[in-house]
Amino acid sequence: MNNNTKTINDLKVQFNEEGYLTNFEQWDIEVGEKIAKDHNIELSETHWDIISWIQEQFKKEKELTLDTILNTGISNLNELKRLFTNDPLAISTKIAGIPKQKQIK
């Protein structure tokens, strides 16, 4: 796996070739905002609610699927697609800093 390093607010952050963080511990709000900006997404309160929920599930080693996100009641499928483009699971987990190999699908 090729790692790419980006400097975000003086912090060197490692990403894989698909743009996922390789180490969740490197995530902070500025990193999330930078990833969102790279996907032309301006983060709203609803984005942050979903991102926070995803991170909580990841820390608890819970399953992360589109269905589990939809079952939170935070958002519906159409809104998720509007918020995170047509690939809401991939984009939302990237912004949340979840490494791809750690995603539970």
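What you see is a predicted model; the values in this text were computed from it and never measured. (Residues numbered from 1 in each chain as written. Predicted model: local features only at pLDDT ≥ 70, side-chain atom pairs only at ≥ 80, totals over all residues. Heavy atoms only, no water.)

Help me understand the packing of aromatic side chains, please; the structure alone is not making it clear to me.
For any pair of aromatic rings, the description consists of the separation of the ring centres together with the inter-plane angle of the planes. Enumeration according to the criterion identifies two aromatic pairs in this entry. Summarising the aromatic geometry, the rings of W27 and W48 are spaced 6.3 Å apart at their centres and angled 70 degrees between planes, so their arrangement reads as edge-to-face. In this pair, W27 is assigned in the loop between β2 (11–16) and α1 (29–38) and W48 in helix α2 (residues 45–59), connecting sequence segments 21 residues apart. Judged by relative accessible area, W27 falls into the buried class, the value being 17%. Directly above the aromatic system of F15 lies the positively charged group of K6, at a separation of 4.9 Å from the ring centroid. (Phe/Tyr/Trp six-rings, centres within 6.5 Å; stacked < 30°, edge-to-face > 60°. Helix = DSSP H or I, 4+ residues; strand = E, 2+ residues; numbered from the N terminus. Buried < 20%, exposed > 50% of the residue type's maximum accessible area, 1.4 Å probe, protein only. Lys NZ or Arg CZ within 6 Å of the ring centre and 35° of its normal.)

Teacher, can you tell me more about the packing of helix α4 (residues 77–84) against helix α5 (residues 88–95) here?
Put simply, α4 and α5 touch, their axes get as near as 9 Å, and they point 55 degrees apart. Classified by the angle between their axes, α4 and α5 sit oblique to one another. In the crossing of α4 with α5, the sense of the turn from one axis to the other is left-handed. Where α4 abuts α5, its residues L80, K81 and F84 lie against P88, I91, S92 and I95. Partitioned by chemical class, the residues of the contact of α4 with α5 number five nonpolar, one polar and one charged. (Axes fitted to C-alpha atoms, helices over the stretch in contact; angles between N-to-C directions. Parallel < 35°, antiparallel > 145°, perpendicular 65-115°, else oblique. Left-handed = near helix turned anticlockwise from the far one by under 90°. Contact = heavy atoms within 4.5 Å. Nonpolar A, V, L, I, M, F, W, Y, C, P; charged D, E, K, R; others polar.)

Would you explain the nonpolar core in this entry?
Looking at soluble globular proteins, one finds that nonpolar side chains tend to be buried together. Counting residues in hydrophobic clusters, the biggest one holds 26 residues, and the most contacted among them are I54, F84 and I95. When neighbours within four sequence positions are excluded, F84 is seen to be in contact with I41, H47, I50, I51, I91, S92 and I95. (Core = buried A, V, L, I, M, F, W, Y, C linked by side-chain atoms within 4.5 Å.)

What is the right way to read α4 from this model?
For the α-helix, the turn length of 3.6 residues means that residues three or four positions removed from each other point alike. Of all the residues in α4, the buried ones are L80, L83 and F84. One side of α4 holds all its buried residues, which, seen down the axis, span an arc of 75 degrees. Exposed residues pointing more than 90 degrees away from the buried face of α4 are listed as N78 and R82. Check the buried side of α4 and you find it contacts α2, α3 (66–70) and α5. With a side-chain oxygen positioned 3.1 Å from the backbone nitrogen of N78, the residue opening α4 is N76. (Arc of directions from axis to C-beta. Polar contact = N/O pair within 3.5 Å; in protein donor to acceptor, adjacent residues only side chain to side chain.)

Hey, could you run me through the confidence of the model for the chain in this one?
Close inspection of predicted coordinates is inappropriate for parts of the model with low pLDDT. Residue-level pLDDT values for the chain average 89, and 92% of them are 70 or greater. The spread of mean pLDDT over the elements of the chain runs between strand β1 (residues 3–8), the lowest at 79, and α2, the highest at 96. (pLDDT = per-residue confidence, 0-100.)

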